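These are the residues of each chain, in order.
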Amino acid sequence: MIRKILSIGWLNVQQMVRNPAELVGVLLLPVALTLVFGTAFGSGEERPLTIPVVDEDGTAYSAQVLDLLGEERSFELVDVDRAEAERRIRESENSLAIIVPEGFGEGVEAGDAQIQVMRDPTSEGGFAAMAVVEGIAVRMSANAAAANIPSFDRMGREAPFAERYGAADALWEPEPPVSVVGQTVVASEVRGDAEFASNNTQYSTGFTVMFIMFVTFGGASGILEEREQGTLRRLLITPNRKTVLITGKIFGIVITAVLQAAILVGIGALFFGVPWGKDPLVVGLLLLSYILSVTGLAILVSAVVRSRDQLSGLMPLLSVGLAMLGGSFWPLQIVSPAMQTIAKFTPTGWAMIGLTDVVARNQGIEAAALPALVMLGFAAVSMGIGAKLLKFE
Amino acid sequence: MPRFIHIASKDFRTLVRDKAAFLIMLGMPLVLIFILGSALGGVGESDTVDIPVGIVSVDTGDQGEQFAEAIADVEELQSVFNIELSDDVDDVRAKVERGDLTAALVIPAGFSDALAAGDPVELEVLQDPGAPLTAGIWAGVARAAAANLSGGQIVRMTVEGMRTEADIIEVPTGNQPTGPADMAFGAVKVTQLDVEPDKQVAMIDYYAAGQTGMFLLFGAMFGAFGFVKERREQTLARMLATPATKFDIVAGKSLGIFAVAACQFIVLYLGTRYLFGVDWGPTPGGIMLVGLAEGFAATGLAMTLSALGRTERAIGGIGPTVIMLFAALGGSMIPVETMPSWMAPLQSISPVYWAVGAFLDLMRGEAFSIILQPVAVLFGIGAVLFGFGLWRLRYE
């Protein structure tokens, strides 16, 4: 019986490999999308936040504001005038603009200067940038406070403000008296001291999760195609029981999905340095549980729909929708608690939770057990119902 | 009635007769738009996120605890973060490792002493590798807080430097700060200017535009399926035996596909508008024109797909590939503004990019004239795809 199952499954794989167009869908789409988005959003540093800056003051103090902003690696400054800055914010082209108004330098000496910030109220990008601007304001204020303490040189002359300001400012370099270092903590190891960890893992796991679902739905639609062409019915005439046939078909889909997963994991690991390989067994367990769960979903859906047209309509919707709900496109932390709960009702959500724990956080089997169990449970239920409902003719 | 209209109306009826498929095609995108709109409606708005972070102080003096509490008391932070105070660094580190905390600021032992002595202090932010985005935000908060401390230290150092010099030179009394501990630095303030933004596009509006742009192309895939099916079942060949010319057949089929796309568009437009209150802007005529132009591009795509794919299975492989790429590049999933500029040439071949961009412009209240270029490009893309399809099309 096992041999029959294997040969039916193998047939499915062969059908796919022989069909160049389908290979395109299985190979090219995921590879292209992963590469494009991996390169586009890969690491936080490669995509600096463009900030229009306006210097209306033109003093050493206003220049310092721009210098300090320019030191931020995650910022890319563009010099514009006030009207242009306002236009960019109004039209949501940039999320934040910084203006150093006229009289700023005098204001620093008089203890009354302003850095003006224009913010697009609908954009979420400005929060981190605001912290940087606040930090600059604090630094300059402290320098001004220090400079306002009268000091005299050896001759008894009072040093000019600018000189005292400069002396205080020098104390911030190379490191300020109180500095902050970022450390990404990974279980059982310490990985560098990058201020921002890379986003690659999110994209690599996310796309892997999404495309596996695509492939399983593609496989399920192959079953419907055979039903429409009557070859499934012919298989029933052979001395194979229905369970053997269905198991074989499922097996075929699973092999294709495993191949797909291997390719995506390979791309992530080779091109984007995603640490997929730290714990291959646990990653394998999670991916296999996930593949089984979405294969079950695909079988269930193809059993419920009547035609391949219906399945083709549902497929993009289900896969894109579940991928988005499950956190394939953006991390789940940034969605509302209600949506985080909804994610736990999707196989994609559990796959993302498990893979993030294991791949990004390097946690072992203890973190993977629950997600794997949930997905396997989902697989058992959906495959059971789906196989029962699936009609061969 | 011209033959091609006859063929078109027959195709249209065939599709409508499969009520389930028709419902899926028309109704399900609405469901997805609704889910996305409500799911992401609150991204970045402080009342909907609650990022778990920690502050650990292992300082033996009292400055560490004071510093931690001062940060935790800031209201603006409380609205975004759920701040946990602790003095057990191992426990907090384990929580960050597991992802239970997104990031944690660690105030080291000897913090108070170092501050008192004017020695450099290094604070550490532990970051969860599974949440680089949000952990980075907390690191930014920590840096701003550290800047405040540094400022106090620098003022102190200046005062102390002056005291040592005072051995030689007499310093005028008075005017001296009493201590840096709770010094407020007010010389440079950050003020927010109110910019009256152009009419903003809400999340649900954005996804209504983005997903509409994508699903119109999926409609084209159905068209291609129909064409290939007829070729497989040889009904196309039979049609060629009738007095209907190739022109009649192709024009009829295309018109059928276009009619379906137009229907789909109208349902999506009306559905999102009246069910979810999506604000498509003040120029419904412009929206319609963009929708129809993308429908035309979708029809061209259907022709190209039917020419390229020999079987339905093949189209099932190529179709989603092309459409998803177009959609991803065109901003159906992630706003195009967040994509790097080198992607622009790739984006310009995606019908979704032009359609979604034009929808969004109109939603923002731009004038009708702004969509003329995108509409022209959409018709151009449609014509190219249509021409290619026609050239390579096989009828049997």
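Residues numbered from 1 in each chain as written. Chains lettered and ligands numbered in written order. Predicted model: local features only at pLDDT ≥ 70, side-chain atom pairs only at ≥ 80, totals over all residues.

Attention now goes to the overall build of chain B. A tally of helices and strands in chain B yields 15 helices and 5 strands. The 396 residues of chain B split such that 51% are buried. For chain B, the share of sequence-separated contacts (at least 6 apart) that also reach a separation of at least 24 residues comes to 79%. (Helix = DSSP H or I, 4+ residues; strand = E, 2+ residues; numbered from the N terminus. Buried ≥ 20, exposed ≤ 12 C-beta atoms within 10 Å, placed from the backbone. Contact = placed C-beta atoms within 7 Å.)

A separate point is the overall build of chain A. A tally of helices and strands in chain A yields 15 helices and 6 strands. Counting across all 393 residues of chain A, residues that qualify as buried make up 52%. The contacts in chain A between residues at least 6 apart in sequence include a share of 76% that link residues at least 24 apart.

Attention now moves to the sheet that holds strand E3 (residues 96-100) of chain A. Strand order in this open sheet of 5 strands is E2(A)-E1(A)-E3(A)-E4(A)-E5(B), and the pairing throughout is mixed. Edge positions in the sheet fall to strand E2 (75-79) of chain A together with strand E5 (188-193) of chain B, since each has one partner strand and no second. Direction aside, neighbouring strands of the sheet carry axes that sit 30 degrees apart on average. In this sheet, strand E4 (residues 113-119) of chain A lies alongside E3 of chain A in antiparallel orientation, the contact comprising 4 bridges. Note that in E4 of chain A the partner of Leu 96 of chain A across the bridge is Arg 119 of chain A. (Pairing = 2+ DSSP bridges. Axes fitted to C-alpha atoms, helices over the stretch in contact; angles between N-to-C directions.)

Once that is clear, we can look at the domain arrangement of chain B. A common way to report how large an interface is uses the accessible area buried once the components associate. For chain B, the domain assignment lists domain 1 (3-41 + 209-392) and domain 2 (51-153). Of note, the centres of domain 1 of chain B and domain 2 of chain B, computed from C-alpha atoms alone, are 51 Å apart. (Domains from an automatic or database assignment.)

Let us now look at the environment of Leu 15 of chain B. All names here are of chain B. You can see Leu 15 is positioned in helix H1 (residues 3-17). Given 22 C-beta atoms within a 10 Å radius, Leu 15 is considered buried. Considered as a pair, Leu 15 and Gly 226 are 211 residues apart in the sequence and their alpha carbons are 9.0 Å apart. In contact with Leu 15, other than residues within four places in its own chain, are Phe 22 and Val 260.

On to the environment of Leu 318 of chain A, then. All names here are of chain A. With respect to the secondary-structure elements, Leu 318 resides in helix H12 (residues 308-326). Owing to 20 C-beta atoms within 10 Å, Leu 318 belongs among the buried residues under this scheme. With 81 residues separating them in the primary sequence, Leu 318 and Ile 237 have C-alpha atoms 34 Å apart.

Listed as interface residues are 100 residues of chain B and, on the opposing side, 105 residues of chain A. For the side of chain B that touches chain A, the secondary structure elements donating two or more residues are helix H2 (19-40), helix H5 (89-98), strand E4 (121-127), helix H7 (132-165), E5, helix H8 (203-232) and helix H12 (312-330) of chain B. With 25 residues, the top contributor of residues to the side of chain B that touches chain A is H7 of chain B. Here the side of chain B that touches chain A is built from residues that sort into 63 nonpolar, 25 polar and 12 charged. (Nonpolar A, V, L, I, M, F, W, Y, C, P; charged D, E, K, R; others polar.)

A few words now on the nonpolar core. Ile 212 and Leu 286 of chain A together with Leu 217, Ala 220 and Phe 359 of chain B are the most contacted members of the largest nonpolar core, which totals 150 residues. At 17 residues, H8 of chain B tops the list of elements feeding residues into this core. Those residues in contact with Ile 212 of chain A that lie beyond four places of it in its chain are Ala 257, Gln 260, Ala 261, Tyr 290, Ile 291 and Val 294 of chain A. Judged by nonpolar contacts, the second largest core, of 79 residues, contains Val 133 of chain A together with Ala 68, Val 96 and Val 106 of chain B. (Core = buried A, V, L, I, M, F, W, Y, C linked by C-beta atoms within 7 Å.)

This part takes up the packing of helix H11 (residues 280-304) of chain A against helix H15 (residues 365-389) of chain A. All names here are of chain A. Between H11 and H15, the shortest axis-to-axis distance is 7 Å and the interhelical angle comes to 25 degrees. Classified by the interaxial angle, the pair formed by H11 and H15 is roughly parallel. Crossing hand, H11 versus H15: left-handed. Considering only residue class, the contact of H11 with H15 consists of 22 nonpolar, 5 polar and no charged. (Parallel < 35°, antiparallel > 145°, perpendicular 65-115°, else oblique. Left-handed = near helix turned anticlockwise from the far one by under 90°.)

In this section: the domain arrangement of chain A. Taken as a whole, chain A is organised into domain 1 (2-42 + 198-389) and domain 2 (45-191). Centre-to-centre separation of domain 1 of chain A and domain 2 of chain A, based on C-alpha positions: 48 Å.

Residues and elements named next belong to chain A. For helix H1 (residues 2-18), spanning 17 residues, the distance from its first C-alpha to its last is 24 Å, which sits close to the expected 24 Å at 1.5 Å a residue. Considered for burial, the residues of H1 that qualify are Ile 5, Ile 8, Gly 9, Asn 12 and Met 16. Buried residues along H1 cover an arc of 95 degrees about the axis, so they all sit on one side. For H1, the exposed residues set more than 90 degrees away from the buried face come down to Arg 3, Ser 7, Gln 14 and Arg 18. (Expected span 1.5 Å × (residues − 1). Arc of directions from axis to C-beta.)

Before going further, it helps to spend a moment on the environment of Ala 142 of chain A. All names here are of chain A. The residue Ala 142 is located in helix H6 (residues 126-147) in this model. With 31 C-beta atoms packed within 10 Å, Ala 142 lands in the buried category. C-alpha of Ala 142 to C-alpha of Arg 361: the two residues are 219 residues apart in sequence and 39 Å apart in space.

Next up on the list: unusual backbone geometry. The omega torsion across Glu 173 of chain A and Pro 174 of chain A is -10 degrees, close enough to zero to call that bond cis. Note that Pro 174 of chain A resides in the loop between helix H7 (161-170) and strand E5 (178-186). At Gln 234 of chain B, a residue that is not glycine, the phi angle is positive and equals roughly 65 degrees. Mapping Gln 234 of chain B onto the fold places it in the loop between H8 and helix H9 (235-241). A residue is classified by how many C-beta atoms lie within 10 Å of it, and Gln 234 of chain B, with 10 of them, is exposed.

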